[in-house]
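Coordinate inspection notes
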Amino acid sequence: MSTPQVPKSLKTQNVETVVCLQCGVNMRFNPSPGTELEIGAYRYQISQHPASKMEAAYAQEAGKATVYQVRQLSESSPLFALKVFKKDFRGAYVIASAERIRRYQHLPGMFGCERIILTRELCSKLLRQYPELEYSVLMPWLGTESWFDVISKKESLTFWEGLRLATHLSKCLHKLEHEGVAHCDISGGNVLIDRYQLKIELIDLEDLFGPNIPSPTGYPMGTLGYQHRSSPKNIFGQWLLEGDRFSAAVLLAEMLTWHDEEIRESASENIILTHVKCTRIVVVIKNCVVHSPQFLQNSQSF
């Protein structure tokens, strides 16, 4: 994959608005399909949303940011994600975090750690035109289907599909904790799944807990349905080494039992454990563990 080189020095200035010298008005980043962006030595183009009949940028709104799909204008035309943070979540912290977490991109499920930050040194012309792009993150496009999508649409999985996804997630979290790292907001929306290779990728990696990773602008408290009840009472929320354990247990239980029609039909739109009898879940999970010693070994290790 061809990616722009990250400059060794990423000194930036925080600017919120700027006057366009050509038109004399403040420019806002509200791109259309085909809008071109020059980042480093490469040019990128905003993608068209595949589900829209009208001209609309491929964008996904999140709590802290909006993520756009962009295509590099090169021979191979690889896809990337451009994560544009909202005002309260921009700043030098994004740069420091990216520099620290990049070392974990080789771990399973952590390819999203490969990223560069849009700074004045890297793309001064672009940031003069669109100042709100400062501190945005350019990273690989990892797909669009999340575990939340599977649950909300009640899409069926086979026993082995659910087991392989759960095994890959448990392996990912086991490797992370072995490195002294935690995601701190494991939830259906933050786990992307590959239905063909039966693998997962974690997203929303800006608030990782780990060695020398700076404190986030706001400590992650977890996502409703996956949040431990003690998290809101803790000043650090789930930002600690063991911060993934409860939420991961919930999500792994979902993956391991989703093949069961009774559980699937009884689930709510975003989580199953609060709406399904736990006795049924325990029976189904025990059956899964019997068929996968590797899953059991990984899950007991984190």
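My aim in this report is to walk through the structure given alongside it, one point at a time. (Residues numbered from 1 in each chain as written. Predicted model: local features only at pLDDT ≥ 70, side-chain atom pairs only at ≥ 80, totals over all residues. Heavy atoms only, no water.)

Burial along strand β1 (residues 36-39) is one-sided: L37 and I39 are buried, and none of E36 and E38, which face the opposite way, are. Taken together, the four bridges between β1 and strand β2 (residues 42-46) define a ladder with antiparallel strand orientation. Within β2, the residue paired with E36 across the bridge is Q45. Between β1 and β2, which pair antiparallel and follow one another directly, the connecting turn spans two residues, one of which, G40, has a positive phi of 65°. (Buried < 20%, exposed > 50% of the residue type's maximum accessible area, 1.4 Å probe, protein only. Helix = DSSP H or I, 4+ residues; strand = E, 2+ residues; numbered from the N terminus. Pairing = 2+ DSSP bridges.)

Let us now look at the side chain of R115. Relative to the helices and strands, R115 resides in the loop between α1 (92-101) and β6 (116-117). There is a polar contact of 3.1 Å between the side chain of R115 and the backbone oxygen of G112. (Polar contact = N/O pair within 3.5 Å; in protein donor to acceptor, adjacent residues only side chain to side chain.)

Next up on the list: a positive patch on the surface. Residues R164, K171, K175 and K199 make up a contiguous surface patch of positive charge. Residue class for K171 comes out partly exposed when judged on its relative accessible area of 34%. (Patch = residues over 30% accessible without salt bridge, like charges linked within 9 Å, V, L, I, M, F, W, Y side chains within 5 Å. Areas by Shrake-Rupley, 256 points an atom, 1.4 Å probe, with all protein chains shown as cover. Salt bridge = Lys/Arg side-chain N within 4 Å of Asp/Glu carboxyl O. Lys, Arg positive; Asp, Glu negative; His and termini not counted. Charge placed at Lys NZ, Arg CZ, Asp CG, Glu CD.)

Using the criterion set out here, one finds one cavity of 30 Å³ or more in the structure. Of the voids in this model, the largest cavity is the one considered here, and its volume is about 50 Å³. Lining the largest cavity, in full, are K64, F85, F89, Y93, V94, E206, D207 and T217. In the lining of the largest cavity, the residues fall into four nonpolar, one polar and three charged. (1 Å grid on protein atoms, 1.4 Å probe; cavity = no way out; pocket = protein on both sides within 12 Å on 5 of 7 lines; lining within 4 Å. Points joined across faces, edges and corners; volume = space filled by probe spheres on them. Nonpolar A, V, L, I, M, F, W, Y, C, P; charged D, E, K, R; others polar.)

On to the nonpolar core, then. With 36 residues, the main nonpolar core has W147, I200, L202 and M255 as its most contacted residues. When residues of this core are traced back to their parent elements, those giving at least two are α3 (147-153), α4 (159-178), β8 (191-194), β9 (199-202) and α5 (245-257). Of the residues forming this core, the biggest block, eight residues, is contributed by α4. Apart from the residues lying within four places of it in its own chain, the contact partners of I200 are G109, L165, H168, L169, C172, V191, L192, I193 and M255. F80, V84, I116 and L133 belong to the second-largest nonpolar core, a separate cluster that totals 20 residues. (Core = buried A, V, L, I, M, F, W, Y, C linked by side-chain atoms within 4.5 Å. Contact = heavy atoms within 4.5 Å.)

Before going further, it helps to examine the pattern of salt bridges. Taken as a whole and assessed by the stated rule, the structure comprises twelve salt bridges. Of the charged contacts in the structure, one is a salt bridge between K86 and E61, with a shortest N-O distance of 3.2 Å. One end of the pair, K86, is in the loop between β5 (79-85) and α1; the other, E61, is in strand β3 (residues 59-61), with 25 residues separating them in the sequence. Salt-bridge contacts for E155 lead to R195; the nearest nitrogen and oxygen are separated by 2.9 Å. Of this pair, E155 sits in the loop between α3 and α4 while R195 is found in the loop between β8 and β9, placing the two residues 40 residues apart along the sequence. Overall, the relative accessible area of 23% leaves E155 in the partly exposed class. Bridged by salt links that share partners, the residues K83, R115, D204 and E206 form one connected network.

A few words now on unusual backbone geometry. Peptide bonds are mostly trans, and most non-glycine residues show a negative phi. Positioned with a positive phi, C184 is a non-glycine residue whose angle comes to about 80°. Not every positive phi belongs to a glycine, and L198 is a case in point at roughly 55°. Assignment of secondary structure puts L198 in the loop between β8 and β9.

With that settled, consider the layout of surface pockets. Approximately 1,000 Å³ is the volume attributed to the largest pocket. Along the wall of the largest pocket there are 44 residues; nearest its centre are A62, G189, N190, I203 and D204. A total of three residues in the lining of the largest pocket trace back to one element, the largest contributor, which is β5.

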